[in-house]
Amino acid sequence: MAENVPGRDVSEVLGIARGNVVRTRFFGRDIMAGLRNLVGGEVPEYTKLMAEAREQALDRMRADAQSLGADAIISMRITTSMIMGGSAELLAYGTAVRLK
């Protein structure tokens, strides 16, 4: 998530590398989450779901950067948005660069 690569200079900016994934909730997880909602606390079923989606979005961003010929990604960010009830998009994006 750095703005640069320590000890290296950017020789070329190749563009935006991005990777996204849209995930929906699963009925079985919803039942457990609903029960947890009554007593409060973390909902591990959704924590795991979002962690998996985040890793998949990051993997896709890395693959996109490689297809651009990048050595690195700088200024990386992750954002999420709700698509419709029960589904969310995770988007990982950053600047694909070639290093000197």
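The coordinates are above.
Thresholds applied
Along each chain, the written sequence defines residue order, and numbers are assigned to residues from 1. The predicted origin of the model limits local features to residues at a pLDDT of at least 70 and limits the giving and counting of side-chain atom pairs to 80 or more, whereas totals for whole chains, interfaces and linings rest on all residues. Based on all heavy atoms of the structure, the side-chain values leave hydrogens and waters out of the count. Secondary structure elements are defined from DSSP: runs of H or I of at least 4 residues count as helices, runs of E of at least 2 residues count as strands, and each element is numbered from the N terminus. Throughout this description, buried means an accessible area under 20% of the type-specific maximum (1.4 Å probe, protein chains only), exposed means over 50%, and partly exposed covers the range between. A 1.4 Å probe and the Shrake-Rupley method give the accessible areas. Residues count as covered only by the protein chains that appear here. Should any heavy atoms of two residues lie within 4.5 Å, those residues are considered in contact. Any two strands with at least two DSSP-identified bridges between them are counted as paired. Every axis in this analysis is a line fitted to C-alpha atoms, fitted for helices over the stretch in contact. Angles between the N-to-C directions lie between 0 and 180 degrees. The working definition used for a salt bridge is a side-chain nitrogen of Lys or Arg within 4 Å of a carboxyl oxygen of Asp or Glu. Take the buried residues of types Ala, Val, Leu, Ile, Met, Phe, Trp, Tyr and Cys, join any two whose side-chain atoms come within 4.5 Å, and each joined set is a nonpolar core.

### A look at the overall build of the chain
So, point 1. Regarding its fold elements, the chain presents two helices and three strands.
So, point 2. Reading the secondary structure of the chain in the N-to-C direction produces β-α-α-β-β.
So, point 3. Out of the 100 residues belonging to the chain, those deemed buried represent 26%.
So, point 4. If you sum the accessible surface of the chain, you get close to 6400 Å²; carbon and sulfur atoms cover 56% of it.

### What to know about the side chain of Ser87
So, point 1. Position of Ser87 relative to the elements: it lies in strand E3 (residues 87–99).
So, point 2. Of the residues examined, Ser87 reaches a relative accessible area of 6% and is grouped as buried.
So, point 3. Excluding anything up to four places from it in sequence, Ser87 contacts Val22, Arg23, Thr24 and Met82.

### Examining the sheet that holds strand E1 (residues 10–24)
So, point 1. Across the sheet, which stays open at both edges, the three strands sit in the order E1-E3-E2 with antiparallel pairing between neighbours. Where the open sheet ends on each side, the last strands, each with one partner, are E1 and strand E2 (72–84). Here the strands of the sheet are splayed against their neighbours by 15° on average, with no regard to which way each runs.
So, point 2. When E2 meets E3, the two strands line up antiparallel, connected through 10 bridges. Note that in E3 the partner of Met82 across the bridge is Ala88.
So, point 3. Sheet strands in contact with helix H2 (residues 44–67) are E1, E2 and E3, and its direction is about 145° off that of E1.

### Things to note about unusual backbone geometry
So, point 1. The backbone phi angle of Ser75 is positive, close to 55°, even though this residue is not glycine.
So, point 2. In this structure, Ser75 sits in strand E2.

### Some details on the pattern of salt bridges
So, point 1. For the structure shown, the criterion picks out five salt bridges.
So, point 2. Lys48 is the salt-bridge partner of Glu52, the closest N and O atoms lying 3.9 Å from each other. In this pair, Glu52 and Lys48 both sit in helix H2, four residues apart, roughly one turn of the helix.
So, point 3. For the salt bridge of Asp59 with Arg62, the shortest nitrogen-to-oxygen distance reads 2.7 Å. Here the residue Asp59 and the residue Arg62 both occupy positions in helix H2, the gap between them amounting to three residues, near one helical turn.

### Re the nonpolar core
Side chains of nonpolar character tend, in soluble globular proteins, to be buried together.
So, point 1. Membership of the largest hydrophobic core is limited to 12 residues, which are Ala17, Val21, Ala53, Ala57, Leu58, Met61, Ala65, Ala70, Met76, Leu90, Ala92 and Ala96.
So, point 2. Secondary structure elements with two or more residues in this core: E1, H2 and E3.

### Digging into the environment of Met50
So, point 1. Locating Met50 in the fold gives a position in helix H2.
So, point 2. In sequence terms Met50 and Glu89 are 39 residues apart; their C-alpha atoms lie 9.8 Å from each other.
So, point 3. Residues in contact with Met50, not counting those within four places in the same chain, are Thr80 and Leu90.

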